Amino acid sequence: MLPVFLVTFPFFALIAAGYGAARARVLPLDAIPGLNTFVLYFALPCMLLRFGAGTPIGQLLDGSVALVWGVSALAVVAGTIVFTRNARIGWNDGAFGALVAAFPNTGFMGVPLLVALLGAQAAGPMIITIAFDLVVTSSLCIALSRLDGAGSAGGGAGGGAGHHGPRQAARQALRGVLVNPMPWSILLGVLLSAARWRLPGPVERTVAMLADAASPVALFTIGAVLARSALLAREHAASAEVAVAMGVKSGLARKAPLADVLPVVGAKLLVHPLLVWALGQGAIALGLPLSSSALMVIVLVAALPSASNVAMLAERFGADNGRIARIILWTTVATFFSFPLAVSLLR
């Protein structure tokens, strides 16, 4: 396990550096959206484009990978909603709890980490999982979140989500996919791979420079986002306590109890990878053309921590963002220990 730790340590060290910089306010919290924009709209799309263009088209269109990943993602969504909904958690909070359990941080963390561990051949299966989660899993969970009529009453795109049904919310989610550069960069990479074309030299070098920046900036940004969530949660909790002490009813979110957090953490880091592995083994036994290397990649993708962008979606649609942020933080910290173990067991 030590060799795996030596490979994974720098990735988690960059997350810790971003967390410390934001927590100490060395990195202004106002600068975090700029880092997110750079990663999401420039560096990460270039990384996905480069990997997509350099991956054989057969790997990018692997139906067995898509089937195993899709069934497992939908099962995790359904199971998390069924087992976590209670008097405190309705459809809105339950749906985003399911999304944070089924949506790993593949783009910001998984692609650079697994390519470093397994080589460039790991990119193909990961690209399939990213596309499925962006288009299907997130849209489904947003639609489910509307079933109890909960939602933000504020302005913006999320403000009207609570006044429409699941169909309207799903349309909003799909519009979000259309303006997200990641699916388009994946599609362009697939087309380049299928046509066996290469970008012109200067363009290819520009894409390569931006792609090389994706890993360190994305990991640093994950830590900064987690630190910002922790700081804002503390400020909200303090404001709520002051309001209660003054006898004023507060609408600020309280700290989510562990009973609402730990089951989702367990679903993300334990149930999800085990389910992908079991379904993959079943698919191989049934004769589906799923390679053992591709199965190992998607099992490790499932073992990644929750995607940090789920917290932003939860806030947009009026869910308990404090609970989601806490789940993301816990899964990210726990993955420092659980992920090397998963790699060692699969090798």
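Quick look at the structure, then. Nothing here was measured: the structure is a model prediction, and the numbers come from that model. Here the residue index of a chain counts from 1 through its sequence in written order. For a predicted model such as this one, the threshold for reporting local features is a pLDDT of at least 70, and the threshold for listing and counting side-chain atom pairs is 80 or more; totals across whole chains, interfaces and linings nevertheless cover every residue. Side-chain calculation: all heavy atoms of the structure are included, whereas hydrogens and water are not.

A short note on the layout of surface pockets
Buriedness of a pocket was judged along seven lines, with at least five required to meet protein on both sides within 12 Å; pockets are open sets of points on a 1 Å grid over the protein atoms alone, cavities are sets where a 1.4 Å probe fits but cannot get out, and lining residues have an atom within 4 Å of a point. Grid points are joined across faces, edges and corners, and a volume is the space filled by probe spheres set on the points. Space inside the second largest pocket adds up to approximately 810 Å³. Gly counts as polar in this scheme, as do all residues outside two lists: the nonpolar Ala, Val, Leu, Ile, Met, Phe, Trp, Tyr, Cys and Pro, and the charged Asp, Glu, Lys and Arg. A class-by-class count of the residues in the lining of the second largest pocket yields 17 nonpolar, eleven polar and two charged.

Focus on helix H7 (residues 123-145)
Between the first and last C-alpha of H7 there are 31 Å, a value that for 23 residues agrees with the 33 Å anticipated at 1.5 Å per step. To get the bend at a residue, fit one axis to the 7 residues ending there and another to the 7 starting there, then take the angle between the axes. Put simply, DSSP H or I for four residues or longer makes a helix, DSSP E for two residues or longer makes a strand, and each gets a number counted from the N terminus. At Asp133, H7 shows its largest kink, close to 40°. In terms of residue burial, H7 counts as a mostly covered element, since 19 of its 23 residues are buried. By this rule, a helix spans an expected 1.5 Å times one less than how many residues it contains. The buried label applies to any residue whose accessible area, calculated with a 1.4 Å probe on protein chains only, is under 20% of its type's maximum; exposed applies above 50%, and partly exposed to all values in between.

Considering the side chain of Asp133
Relative to the assigned elements, Asp133 resides in helix H7. Neither His nor the chain ends is counted toward charge; the positive residues are Lys and Arg and the negative residues Asp and Glu. The working definition used for a salt bridge is a side-chain nitrogen of Lys or Arg within 4 Å of a carboxyl oxygen of Asp or Glu. At 8.2 Å, Lys268 is the nearest oppositely charged side chain to Asp133, a buried residue that forms no salt bridge.

Overview of the packing of aromatic side chains
To pair, rings of Phe, Tyr and Trp, with the six-membered ring standing in for Trp, must have centres within 6.5 Å; the planes then decide the type, stacked if under 30 degrees apart, edge-to-face if over 60, and tilted in the middle. All chains considered together, the criterion is met by five aromatic pairs. Geometrically, the ring pair formed by Phe38 and Phe42 is stacked, given 6.4 Å between the ring centres and 20° between the ring planes. Placement of both Phe38 and Phe42 in helix H2 (residues 32-53) is noted, with a separation of four residues, approximately one turn of the helix. The class of Phe38 is partly exposed, set by a relative accessible area of 27%.

A word on unusual backbone geometry
You will see that Arg25, though not glycine, has its phi angle at about 60°, which is positive. Its location among the elements puts Arg25 in the loop between helix H1 (2-23) and H2. Overall, the relative accessible area of 44% leaves Arg25 in the partly exposed class. Positive phi is not limited to glycine here, since Arg196 has a value of about 55°.

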